[in-house]
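Fold and geometry: a report
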Amino acid sequence: MIKQTKSTCCYCGVGCGVIIHSENDIIVDVKGDPDHPANFGRLCTKGATLHLTAKLDNRLLYPEMRLTRDAIRKRVSWDDSLDYLTEKFAQTIEKHGPDAVAFYISGQLLTEDYYVFNKLAKGLIGTNNVDTNSRLCMSSAVTGYKATLGADAPPACYEDIDHTDCLFIAGSNTVFAHPIIFRRIEDARTKNPNLKIIVVDPRRTDTAQAADLHLAILPGTDVALFNGMLHVMLWEGLLDMAYINAHTNGFAELKETIREYTPKMVADICGVKEADIITAAKWFGKGPSLSMYCQGLNQSIHGTDKNAALINLHLATGQIGKLGAGPLSLTGQPNAMGGREVGGMANLLSGHRDMDNAEHRAEVAKLWNVESVPETPGKTAVEMFDAIKDGSIKAIWIACTNPAHSMPDLNNVLLALNKAELVVVQDAFSNTDTCQYADILLPASTWGEKEGSVTNSERRITHVNPAVQPPAEARHDWEIMVDFAQRLEKRLATNRTLGLSKGATKTLFPYTSAEQIFNEHRETTRGRDLDITGLSYALLDEQGPQQWPFITGDVTGKARLYADGMFQKPDGRAQFVNVTYKGTADKTDARHPLHLLTGRLRDQWHGMSRTGSVAQLFNHAEEAVIHMSADDMTRRSIKHGDIVKVSNKRGSLVLPAQTSNEVKPSQTFIAMHWGSQFMHGLGVNALMPAAFDKTSKQPELKHTAIKIEKLELPWRMTVMRTIQDLSLLQKVRVLLTNFEYASCGLFGRATEHHAGMLVLRAAHKAAPEATLIAEIDAILGMTDDMPLLNYIDAKRGVSKRILVENNLSNNNPEVTGVRLVGETLASDWLKDIMTTGEFSPELRRWALAPLSLPPAGQRSRGKIVCNCLDVAENDITDTIQLGADLITLQNKLKCGTECGSCVPELKRLVLQHGIKIHTL
């Protein structure tokens, strides 16, 4: 009997509703929830494959512990692990003070999880050292909102997309990072021919290519652009002076600053045309204008200024609190908003209260029934790991996040983790980069198993319901923390250090359900800007997801804020922030002449602990590469596919170069997802500076300066193997460091019989020891006793093996393994053969030959564009060259008819390869 359970997607901050199908306590499928207002049933490639991640291959199932750093962790009981942790934390607090411990948590936790972590640190232990990976993605959006509007409250909503006439997207490749939002943008454009889309991005991304106007600014010059647009609006009479005078402060000072930002000056700074700056200003000033922005603005040492400068445009034109208008930050993680609501950061308290406000601290102390909460701000993400390295933080508890992949200046972070006296990692997955540094591993529940609430980018709260039970001994995050907190509470009380208020005898953590925690959190919001006292689990189940504020007595939440012109400032007036342009943390120079930018891929998410287990999510982008302009490659004698070394003073990476028309000359791009689980190297964040915004403390993860050198690595190897589960992937990963260049991932599509295809690529200066190749053969089951096609040329150092087995369903011969050493020309078309299952006598005859193209006039399929239906680029371009447009492609090949994530790329291919009609 199939059970259906309503939940949400656990990836980005769009907050898509999903319906989980489960049977016999196993998740078997997932569909979009047609009733959820965030997505109305749509899902992107990642969300549509969530059920494929609900397997135990990479799951952490039991607590593990080691008593010394050089020991091997062993399975222990929950009581043993938590008793040990209680004593270690208590001793550390007693000897070194509460600030000697810290908690680093995640925007992927549910609000209830976040709340308990926050109360444990600030209410029980007495430290504000609780920060989150949201510091890396959304903290500048927070400080930008607070500086201008007075509260961390996005004022617009998704519905505004349907009503805007100017959509201003800055620092976001929405097509890739928030695909379902872009589906809504496409719909709005179809319905509204007057809609103008402006995209601000150094790269010519799929989002930029879909724009009416692409402002390809130089990295980090956003403030100059926004000030220049405001300058134009001022002189063109596009400002709403009545609104400015009635509802804002500080415009006179800003006006003096922006007088200098002439279109000519801004064009020189930003590297764009004066005419385009003027056009953007006019379109925005006419309105209604909706802005959407993400990491391109946030991940900067001037992220607060960038956010504030953009919001200045809305305040100056009165484009806020109206239908189709306002600033709307696109949240990076599924519940970064919920974490901010409970004060789950080192400088915040529950209910959008500020740590540096004595009245706010007293309110929280009263709500929690403790004598006080600490007033000294805690260490934020970068500061926290620096403090671990210098020894002032002794013990770190990391939950549901992977700082050994996601933090900047990774080599420094790894030194810190190695130096820590105690590292606790609480996670659902056993294979993250951070797990290897854990002294204690605690197994947590994950998507499909949890109950609680999440808040998406438009302030909409959804009640998340569990579809299945957590596996083995995994427990809910809030449940783990309540158990630990109760033990620590007793231990600290014994030593008379517990800060409970007088007369308080009960535990601070009486919770036996997520709903109890939600109800307490709800009370902390009473009278605040995010008041949700009218909400309950029952109401959310009956009436569906709701936006805050939702006050007692309300029948619905508020879609738009500030419609009355009253802001969350003491005098009710918004504040213009007088900002000036300042450069990036890292500057290019003679030694490091290239800009390196980072961003997201369409089908992967964060450090890939979840998406990296689904074969088909690798089909669009198989491995880490560096994108370069053709000019830069020619100048360095680098060809498409050559292996290069990318380096700066913080670290280096070795990976293939790929020609791209998305980046300008002197600019490069590497996706942020790839780490040491999938390549020999730590990933792009090893190169990124730890410098951060002085207000938001958010680091500059989007840009650095690098040099590139071509490497001569004549020895090559490609290995491809159909695998039953992901255990072989784990075994192969440990071998990546044996090669100067190596990547390891998946490809193809999982079936009921296998988990897809493992793909290992490697290059080195010389052939490695034969024992290493033999070890790979043994791991992958391609030894001499198997049915192999073999070719060996010892003199040339060439060795090839092709494993041919009978298909389990039709008993036909099928290639299930390929190992090419010393010469790898046939890799691509042999991969196609493994994917399609076709292995004719003709193909068998030529399988071991040094051919870059298959025999009999065939060719490789090319990159997979439509992951949902496995439609490849060559089939698409062939159909386009026969006269097909987008609709014909969708009708004939069905690409772009499922999740729609590939539609922007299909449109681009139609423009690129469509028949050009010449007229006299």
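The structure we're discussing is the one just above.
Residues numbered from 1 in each chain as written. Predicted model: local features only at pLDDT ≥ 70, side-chain atom pairs only at ≥ 80, totals over all residues. Heavy atoms only, no water.

Structural notes on the overall build of the protein chain
Within the protein chain, the regular secondary structure consists of 30 helices and 36 strands. Over its C-alpha trace the protein chain gives a radius of gyration of 28 Å, about what one expects of a compact globule, namely 29 Å for 920 residues. Projected onto the principal axes, the alpha-carbon positions of the protein chain cover approximately 80 × 80 × 60 Å. When the 920 residues of the protein chain are sorted by exposure, 64% land in the buried category. Long-range pairs, those at least 24 residues apart, make up 72% of the contacts in the protein chain with a sequence separation of at least 6. (Helix = DSSP H or I, 4+ residues; strand = E, 2+ residues; numbered from the N terminus. Rg over C-alpha atoms; globule rule 2.2 N^0.38 Å. Buried < 20%, exposed > 50% of the residue type's maximum accessible area, 1.4 Å probe, protein only. Contact = heavy atoms within 4.5 Å.)

Considering the sheet that holds strand β25 (residues 643-648)
Taken in spatial order, the 6 strands line up as β23-β27-β24-β26-β25-β28 and close into a barrel, and their pairing is mixed. With strand direction ignored, the average angle separating the axes of adjacent strands in the sheet is 45°. Across 4 bridges, the pairing between strand β23 (residues 594-599) and strand β28 (residues 703-710) is antiparallel. From the neighbouring strand, Leu594 faces β28, where its bridge partner is Ile706. (Pairing = 2+ DSSP bridges. Axes fitted to C-alpha atoms, helices over the stretch in contact; angles between N-to-C directions.)

Details of the pattern of salt bridges
Inspection of the entire model under this criterion finds 56 salt bridges. In this structure, the salt-bridge partner of Arg560 is Asp160, at a minimum N-O distance of 2.6 Å. Separated by 400 residues along the polypeptide, Arg560 in the loop between β21 (546-547) and β22 (574-575) and Asp160 in the loop between α4 (139-148) and β8 (166-170) bring together distant segments of the chain. Across the pair Glu383 and Lys697 runs a salt bridge, and its minimum N-O distance is 3.1 Å. Placement of the pair is Glu383 in helix α17 (residues 381-390) and Lys697 in the loop between β27 (667-671) and β28, with a sequence separation of 314 residues. Since its relative accessible area comes to 22%, Glu383 is described here as partly exposed. Residue Lys697 is classed as partly exposed on the basis of its relative accessible area of 22%. (Salt bridge = Lys/Arg side-chain N within 4 Å of Asp/Glu carboxyl O.)

With respect to the nonpolar core
By size, the foremost hydrophobic cluster in this structure holds 115 residues, and its most contacted members are Phe89, Phe103, Leu120, Met229 and Trp397. Of the residues forming this core, the biggest block, 9 residues, is contributed by helix α8 (residues 222-235). Once you skip the residues sitting within four places of it in the chain, Leu120 turns out to touch Phe103, Ile125, Met481, Phe484, Ala485, Leu488 and Phe509. In terms of nonpolar packing, the next biggest core, distinct from the first, is built from 86 residues, Val413, Leu655, Ile670 and Ile776 among them. (Core = buried A, V, L, I, M, F, W, Y, C linked by side-chain atoms within 4.5 Å.)

What to know about helix α16 (residues 358-368)
Looking at α16, one finds that the buried residues are His360, Arg361, Val364, Ala365 and Trp368. Across the axial projection of α16, the buried residues extend over an arc of 135°, all falling on one side. Facing away from the buried surface of α16 by more than 90 degrees, the exposed residues are Glu359 and Lys366. In this fold, the buried residues of α16 make contact with α3 (111-125), β14 (348-349), β15 (353-354) and α21 (514-524). (Arc of directions from axis to C-beta.)

Examining the sheet that holds strand β16 (residues 395-399)
What holds strands together in a sheet is hydrogen bonding between their backbones, with the strands either parallel or antiparallel. What the 7 strands build is an open sheet, ordered β5-β4-β18-β17-β16-β6-β7; its pairing is mixed. Because the sheet does not close on itself, it has two edges, and the strands there are β5 (74-75) and β7 (130-132). Taken together, the 4 bridges between strand β17 (residues 422-427) and strand β18 (residues 440-443) define a ladder with parallel strand orientation. Counterpart to Asp427 in the pairing with β18 is Pro443. Helix-sheet contacts for α17 involve β6 (101-105), β7 and β16, and the interaxial angle to β6 is about 140°.

Overview of the packing of α17 against helix α19 (residues 410-419)
Where α17 meets α19, the axes come as close as 8 Å, and the angle between the chain directions of the two elements is 50°. Considered as vectors, α17 and α19 are oriented oblique to each other. Considering only the axes of α17 and α19, their crossing is left-handed. Here Phe385, Asp386, Ile388, Lys389 and Asp390 of α17 lie close against α19, whose contacting residues are Asn412, Val413, Leu415, Ala416, Leu417 and Lys419. (Parallel < 35°, antiparallel > 145°, perpendicular 65-115°, else oblique. Left-handed = near helix turned anticlockwise from the far one by under 90°.)

Describing the packing of aromatic side chains
Overall, the coordinates contain 19 aromatic pairs when judged by the stated rule. Note on Phe618 and Phe678: the rings are 5.8 Å apart at their centroids and 50° apart in plane angle, and the pair reads as tilted. With Phe618 in the loop between β23 and β24 (626-628) and Phe678 in the loop between β27 and β28, this residue pair connects regions lying 60 residues apart in the sequence. An aromatic cluster is built from Phe89, Phe103, Phe117, Trp397 and Phe484, whose rings are joined through pairwise contacts. The ring of Trp548 has Arg459 sitting right over it, with the charged end atom 5.7 Å from the ring centre. Its guanidinium or amino end placed over the ring of Trp78, Arg475 lies 4.7 Å from that ring's centre, counting from NZ or CZ. (Phe/Tyr/Trp six-rings, centres within 6.5 Å; stacked < 30°, edge-to-face > 60°. Lys NZ or Arg CZ within 6 Å of the ring centre and 35° of its normal.)

Some points on the side chain of Thr718
For Thr718, the location among the structural elements is in strand β29 (residues 715-722). Residue Thr718 is classed as buried on the basis of its relative accessible area, which comes to 7%. A polar contact is formed between the side chain of Thr718 and the side chain of Ser827, at a distance of 3.3 Å. Aside from chain neighbours lying at most four places away, what touches Thr718 is Leu760, Arg761, Val818, Arg819, Leu820, Thr824 and Ser827. (Polar contact = N/O pair within 3.5 Å; in protein donor to acceptor, adjacent residues only side chain to side chain.)

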